[in-house]
Every structure is written in C-alpha cells, then in structure tokens.
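Chain by chain, the residues:
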Amino acid sequence: MVNDLIQVTNRFGAVQCGGPVTLNRLLRTMDALTDPRVQFDNINQRFSLAVTVSSPGPSDTPALWVAATQSDDPCGTWNTFRMTFHGDATPAGTFLDFPMLAQDTRSLLLSTRNCLHPGSCGQFFIAFVIPKAPIYAAQHVDFPYFTVDSLTAPVTHAGQPMVDSPLSFFLAAVPGTGYKLYVLVPTPFGPVLASRSFSSPFSAPSREAKQPGSSVKVDSSDGNITSSPAFDGTRIWFTHVMDEETFPTVRYGAIDLRNATLSIAEANRTPFSDDFNPSLTVGFSPLRETVYLTWAFTDAVVAKTSTAAVAVAVDAGQPIKNLFGVGTIYATGGNTSGPVDPFNTVRFGDFSSVSADPTTSDCAFASQQYFGSNGKWRTRIAPIGECGRVVTQP
C-alpha cells in the first residue's frame with residue numbers, strides 16, 4: 001500500500017486482483033486519504049489496514065478508516081469502517097496524522113499524532129485498541145482512546161502463530177530521555193494504560209539525510225519510533241533513528257520484560273553514510289529466533305552517488321551488538337542529472353516495513369526505499385533469509 005493505492009502480488013512477482021486498486025474505491029469513499037498501513041493476522045488468516053482522513057474542515061469530526069478482509073484472500077471482500085473520534089484530544093477539525101497499526105491475538109492496536117490545525121501538530125498524541133472480533137464480523141464497535149506523551153508506536157506480537165498475551169503494548173522513543181513503555185492492562189472496570197520509563201538518552205538527528213545529485217535533503221525523522229516494534233513473548237524489539245556525530249544513524253534494541261532491562265546497539269552501512277527509515281520484525285524457526293532489520297542509506301560524502309536499501313538478519317539468541325558495514329544491499333541507485341524534481345527527490349516515503357513469512361521458517365520480506373538511477377525514489381520488496389524461490393520486483 002502507498003498513499004492512495006493497494007496492489008497485491010504473489011511470491012513470484014505476478015500482480016493479482018486485476019491490478020492495483022485505489023483506496024477510495026476499496027473503501028467506497030470520497031475522503032482524502034493518506035498514510036496507509038497494512039498487516040496480516042496469521043491466526044485468523046485476515047488482512048487488515050488503517051488509513052487516515054486528511055485535510056479535514058474546521059468543523060469536521062476527526063476520522064480514520066479501518067478495514068479487514070473476510071478471508072485470507074486480499075482480492076476478496078473487505079469489511080470497512082469509518083472510525084470517528086470525540087473528546088478533548090480530538091476536537092472538531094483534528095487531523096489524525098501519522099497513524100501506526102499493529103496487532104496482538106485479540107486486537108488491532110493504533111496510535112496517531114493529532115494536528116489541531118495546519119502547522120500545529122503534536123499537542124495531543126493518542127493510542128487505542130480495537131477488538132478484532134467485531135471488525136472481522138462486520139459489527140459495530142466502540143473503544144476508548146488514551147492520551148500519551150509523544151508519538152508512540154503500537155507493538156505487534158510476533159510469531160507463527162502470534163504469541164499470546166493478556167497485555168497490549170505501546171512504545172515511545174523520547175530524545176534526551178530514552179524510552180517510555182505503555183502497557184494496556186484489562187480490568188473488570190475496563191482497560192487501564194500503565195507506563196514505565198527506561199533511561200537511555202540519545203539525540204534526535206541533527207540534520208536531514210543528504211541525497212546524491214541534489215542539495216535538497218531527505219527527512220531523517222525526529223528520533224521517534226515510526227515502525228511497529230515486535231514482541232517475541234519476553235522482549236520488545238524496536239528501531240529508530242538517532243544522531244551520531246552529526247550523521248543520522250540507526251539504533252535498535254530490546255526491552256526485556258522479565259527483568260525490566262534495556263539493551264541497545266547502532267547500525268550503519270559506512271562511517272560516512274546517512275542511515276534512516278528503519279523497521280524490523282521477529283521470526284521463529286525450530287532452530288532460532290531471528291530479528292530482521294532493514295533501513296535505507298545514502299553516502300553523499302565519499303561515494304557521492306551511493307544509495308541503497310539494506311537488510312540484516314540477526315540471531316536474537318546472541319547479545320545485541322553494533323552492526324557496522326554489514327547487511328545485504330538489495331537495491332541500489334545513483335544520482336540524477338538535469339533539473340531536480342522536488343517532489344520526487346525529497347519525499348522518499350515515511351514508512352518501511354518487514355514481515356515474517358507466515359508459511360515458512362527463516363524467511364521475511366522487507367519493503368524499503370532507494371534512490372533510482374533515474375533520479376527518483378523507488379520502492380523495493382525483497383526477501384531476507386531462506387525464502388526459497390521468490391522473484392523480487394522494483
């Protein structure tokens with residue numbers, strides 16, 4: 001899924017469902033839509049998605065769309081819901097910006113950064129949990145939302161099938177402080193959101209990432225977690241961007257819930273690369289637990305024309321360590337000549353993702369950006385690990 005389209009391919013690169021479909025057609029709406037996310041439930045064999053309604057009028061009720069397939073076939077029928085929000089953190093005219101989507105065995109987990117009017121984002125951040133059962137059954141659903149202190153990522157439960165837990169998790173990376181873990185605890189009186197902080201100060205990126213062939217920079221984020229962390233049953237794995245001697249650099253790590261300890265490390269491709277847009281997931285096989293990590297990098301200092309998407313598979317049973325100069329480069333590009341197109345060279349995409357293959361062990365698929373030789377950012381979907389015969393397409 002990209003801003004306004006969804007397209008399905010099989011494992012050999014063939015496009016399914018008769019080609020791409022606009023999200024407006026899928027959801028049967030004229031709403032302006034942006035920032036979609038999609039995921040697969042390997043227990044109930046359903047796909048689900050979330051996409052927010054952009055550019056609301058000053059008197060419009062805040063809304064976002066949630067949808068789920070009725071079977072394991074994404075080309076089949078989807079149950080669609082236009083969720084509306086009311087309360088102090090979501091007054092009329094609020095834009096529910098940057099929605100993030102995750103899941104556990106029972107619920108869809110979401111969070112947003114709320115914009116009360118253009119240019120005023122970040123006064124309120126909310127997190128909420130939507131039970132899967134009514135979504136899958138196309139029934140009415142109500143749910144509370146909770147205000148949180150900053151952009152906070154919902155945590156997906158990893159595993160094939162997903163690990164079960166009565167708790168739901170959200171995690172925020174806070175520059176200058178460390179991490180804040182939110183735990184949604186069910187009680188007889190309704191869910192309660194508890195929190196705990198983990199000290200590990202870091203700095204947000206001090207500059208944007210450089211691009212080959214252009215003086216215009218690419219957004220390297222503000223240090224927050226922008227892709228769903230992964231819960232493996234005992235640890236919550238996460239990744240985000242930080243500043244390392246003026247270079248945007250990937251940080252990854254885990255919070256161990258058994259003893260409330262934090263482990264962190266860094267990742268970059270070269271000493272002079274700008275590394276950004278990371279995401280990860282966790283996969284299980286009979287022999288090991290693996291963390292699959294991907295990010296984009298540019299090297300506009302030494303190589304001057306180098307950009308790539310990187311994928312790394314890390315043994316989760318080993319101590320967390322720095323990843324310098326490692327990983328498989330699965331897409332590369334170069335610089336451009338001629339006039340610079342600001343839209344295509346600056347906006348590389350806010351999201352990347354990694355998903356463990358639900359049908360086989362030791363395999364995951366990464367979706368990541370790279371700067372093509374035609375001077376435009378492109379998306380690449382590629383396998384990581386032992387995935388068998390798979391065709392990848394740019």
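Residues numbered from 1 in each chain as written. Predicted model: local features only at pLDDT ≥ 70, side-chain atom pairs only at ≥ 80, totals over all residues. Heavy atoms only, no water.

Some details on the state of the cysteines
One covalent bond between the sulfur atoms of two cysteine residues makes up a disulfide. Per the counting criterion, the structure on display carries 3 disulfides. The disulfide partner of Cys115 is Cys121, and the S-S distance across this bridge is 1.9 Å. Between Cys115 and Cys121 the disulfide shows an S-S torsion of about 105 degrees. By sign, it is right-handed. Looking at Cys115, the relative accessible area reads 4%, which means it is buried. Overall, Cys121 belongs to the partly exposed group, its relative accessible area being 44%. For Cys363, the disulfide goes to Cys387, at an S-S distance of 2.1 Å. As the torsion about the S-S bond is roughly 105 degrees, the Cys363-Cys387 disulfide counts as right-handed. Placement of the pair is Cys363 in strand β28 (residues 363-371) and Cys387 in the segment after β29 (377-385), with a sequence separation of 24 residues. We note that Cys363, like Cys387, is buried. Going through the protein in sequence order and numbering each bonded cysteine, the pairs you get are 1-2, 3-4, 5-6. (Disulfide = S-S within 2.5 Å. Buried < 20%, exposed > 50% of the residue type's maximum accessible area, 1.4 Å probe, protein only. Helix = DSSP H or I, 4+ residues; strand = E, 2+ residues; numbered from the N terminus.)

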